[in-house]
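Here is what each chain is made of, one letter per residue.
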Amino acid sequence: MSFSPLILVINCGSSSLKFSLLAVDDHRPVLSGIAERLGLDNAYISFKDAQDVKTTLTLTPSGHQRALALLIEQLDQRGMTSHIVAVGHRVAHGGSKFKQSVMITPEVLDDIRSFSMLAPLHNPANAQGIEATMAVFPRLPQVAVFDTSFHQTLPAAAYTYAIPYEYQQELQVRRYGFHGTSHRYVAESAVALLGLDPNDHGILVAHLGNGSSVCAVKNGESVDTSMGMTPIEGLVMGTRGGDIDFGILTYLARCTGKSLDELDDMMNKQSGLLGISGVSSDCRTLQEERSKGHPRASLAIDVFVHRLARYLGGHMMSLSRLDAIIFTGGIGENSSLIRELTINHLSVLGIRLDADKNAHTCGGKSGVISLTNSPAVAVIPTNEEKMIALDVVRLANIC
């Protein structure tokens with residue numbers, strides 16, 4: 001089979017690995033897929049070609065390295081490897097150094113590794129993806145696209161923490177925000193979908209997945225976001241606890257003798273939906289258990305929704321107007337229950353869902369799910385891979 005020049009996009013998340021081969025000329029995927037539930041016993045990797053033919057393989061062991069190895073094997077078997085002209089990588093944290101996407105060099109890779117202390121679930125996985133593809137494609141240009149770049153427009157009032165100011169100046173302790181590639185794509189898509197004025201609009205984007213964040217977008221720029229210096233802050237997530245009273249951590253340290261590293265591990269890997277439910281970090285599993293009456297699974301979902309609604313309401317105050325609330329990400333795109341419960345919490349704002357549209361806008365579908373007499377609520381599937389590919393084309397000067 002003959003292929004046009006292709007860009008391979010690698011998006012290593014904390015518990016998933018998305019990938020896509022996109023044609024340079026029209027940015028349409030010729031092969032895409034995802035490895036999910038990485039680190040869990042039921043991990044798998046699925047592939048979908050341009051004809052929507054799907055292949056699913058079990059991952060044993062279930063880590064990122066095995067997923068990357070199977071991906072490369074599939075590219076070889078399908079005769080696609082020789083057509084790849086560049087590789088783009090989603091990288092979670094760029095610190096204050098990377099304000100835009102960059103070509104990857106050994107020095108850039110070292111910087112990405114160095115930011116692992118700020119994003120321990122993400123940057124190590126991002127670095128693994130880069131190392132694996134550089135080994136297979138040593139001569140191809142590779143580009144890093146940072147989740148933190150979109151939030152460089154935050155005003156000082158939004159990114160400054162109320163701690164001694166010298167920590168910001170000397171150690172760059174500040175809010176960075178994440179999911180920037182997704183928020184950028186969804187915000188631009190919302191303007192087109194809803195016919196908004198590109199220079200005068202206000203949007204709230206809820207990117208909900210194993211990692212979740214809210215972003216307030218004013219006239220195309222990020223002006224506030226829920227994640228902070230690290231991806232722990234903000235919403236309740238799969239295994240991350242989000243906001244917490246720091247006094248709780250000092251109390252736990254005194255009572256249990258846990259070290260800072262142990263508490264950090266708890267906040268990143270043992271908290272969130274998993275910590276509350278004791279069942280799973282996966283929202284799909286929790287919804288199934290909730291339907292069976294599992295009390296802690298129900299509580300986990302209720303806490304998730306409560307925090308999300310509170311953040312949406314708070315972020316609205318960073319906008320001059322509210323044109324729309326957009327749901328995206330694995331949970332945002334597919335869980336009609338989470339969307340329904342969240343909007344019910346925001347009923348004080350006069351927002352109302354169309355129950356039928358909400359129920360049927362899942363599985364990659366986009367559209368408005370609110371009633372006509374309500375402020376707009378929409379679902380827009382994110383496409384971080386396309387945004388990454390566009391940056392690769394620009395930086396690598398690919399025609």
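Below you will find a few notes about this structure. Just so we're clear, the structure is a prediction, and the values are computed from it rather than from any experiment.

## Some thoughts on the sheet that holds strand 6 (residues 84–91)
Part 1 of the argument: Strand order in the open sheet made by the eight strands is 5-4-3-2-1-6-8-7, with mixed pairing throughout. Here the strands that pair on one side only, and so sit at the sheet edges, are strand 5 (54–58) and strand 7 (102–103).
Part 2 of the argument: Where strand 7 and strand 8 (residues 142–146) come together, two bridges link them in antiparallel fashion. Looking at the pairing, M103 lines up with V143 of strand 8.
Part 3 of the argument: Against the sheet, helix 1 (residues 64–77) touches strand 1 (6–12), strand 2 (17–23), strand 3 (29–36), strand 4 (44–49), strand 5 and strand 6, its axis set at about 30° to strand 4.

## Structural notes on the state of the cysteines
Part 1 of the argument: With the rule as written, the count across this model stands at zero disulfides.
Part 2 of the argument: The closest cysteine sulfur to the non-disulfide-bonded C283 is located on C362, 12 Å from its own sulfur.

## Structural notes on helix 10 (residues 283–291)
Part 1 of the argument: All of the buried residues in helix 10 are C283, L286 and E289. For helix 10, the angular spread of buried residues about the axis comes to 120°, placing them on one side.
Part 2 of the argument: Lining the buried residues of helix 10 we find helix 9 (272–277), helix 11 (295–315), helix 12 (329–334) and helix 13 (336–345).
Part 3 of the argument: One or two steps after helix 10, the chain reaches G293, where phi turns positive at roughly 95°.

## A look at the packing of helix 11 against helix 13
Part 1 of the argument: At their nearest, the axes of helix 11 and helix 13 sit 9 Å apart, and the two run at 50° to each other. Taken together, the axis directions place helix 11 and helix 13 in an arrangement best described as oblique. Along this stretch, helix 11 crosses helix 13, giving a crossing that reads as right-handed. Together, I301, F304, V305, H306, L308, A309 and L312 of helix 11 and I338, L341, T342 and H345 of helix 13 make up the contact between the two elements.
Part 2 of the argument: For the contact of helix 11 with helix 13, the per-class residue count stands at eight nonpolar, three polar and no charged.

## Here's the deal with the pattern of salt bridges
Part 1 of the argument: One pass over the structure, following the stated rule, counts 16 salt bridges.
Part 2 of the argument: Two residues, D282 and R37, come together in a salt bridge whose shortest N-O distance is 3.8 Å. Residue D282 is located in the loop between helix 9 and helix 10, and its partner R37 is located in the loop between strand 3 and strand 4; the two are separated by 245 residues in the primary sequence.
Part 3 of the argument: Look at D282 and you get buried, because its relative accessible area is 12%.

## Quick look at the sheet that holds strand 14 (residues 376–379)
Part 1 of the argument: With mixed pairing, the six strands of this open sheet are ordered in space as 11-10-9-12-14-13. Each end of this open sheet is capped by a strand with a single partner; those strands are strand 11 (221–225) and strand 13 (367–368).
Part 2 of the argument: With two bridges joining them, strand 13 and strand 14 adopt antiparallel strand pairing. Among the inter-strand pairings, G367 is bridged to a residue of strand 14, identified as V379.
Part 3 of the argument: Against the sheet, helix 11 contacts strand 9 (202–207), strand 10 (213–218), strand 11 and strand 12 (324–328), and its axis sits at roughly 20° relative to strand 10.

## A short note on the nonpolar core
Proteins that are soluble and globular tend to have nonpolar side chains buried together.
Part 1 of the argument: Counting 34 residues, the largest nonpolar core has L208, F304, L308, L312, F327 and I338 as the members making the most contacts within it.
Part 2 of the argument: Of all elements in the fold, only strand 9, strand 10, helix 10, helix 11, strand 12, helix 13 and strand 14 reach the threshold of two or more residues within this core.
Part 3 of the argument: No other element matches helix 11, which puts nine residues into this core.
Part 4 of the argument: I10, A23, L71 and V87 belong to the second largest nonpolar core, which has 28 residues in total.

## A short note on the pairing of strand 2
Part 1 of the argument: Where burial is concerned, most of strand 2 is hidden: six out of the seven residues are buried.
Part 2 of the argument: Of the pairings in the sheet, the one linking strand 1 to strand 2 comprises seven bridges and is antiparallel in character. Residue L6 lies in a different strand from strand 2, and its bridge partner there is A23.
Part 3 of the argument: Taken together, strand 2 and the strand that follows it, strand 3, pair antiparallel across an intervening segment of five residues, in which H27 is found at a positive phi of about 60°.

How each quantity is defined
Residues numbered from 1 in each chain as written. Predicted model: local features only at pLDDT ≥ 70, side-chain atom pairs only at ≥ 80, totals over all residues. Heavy atoms only, no water. Pairing = 2+ DSSP bridges. Helix = DSSP H or I, 4+ residues; strand = E, 2+ residues; numbered from the N terminus. Contact = heavy atoms within 4.5 Å. Axes fitted to C-alpha atoms, helices over the stretch in contact; angles between N-to-C directions. Disulfide = S-S within 2.5 Å. Buried < 20%, exposed > 50% of the residue type's maximum accessible area, 1.4 Å probe, protein only. Arc of directions from axis to C-beta. Parallel < 35°, antiparallel > 145°, perpendicular 65-115°, else oblique. Left-handed = near helix turned anticlockwise from the far one by under 90°. Nonpolar A, V, L, I, M, F, W, Y, C, P; charged D, E, K, R; others polar. Salt bridge = Lys/Arg side-chain N within 4 Å of Asp/Glu carboxyl O. Core = buried A, V, L, I, M, F, W, Y, C linked by side-chain atoms within 4.5 Å.

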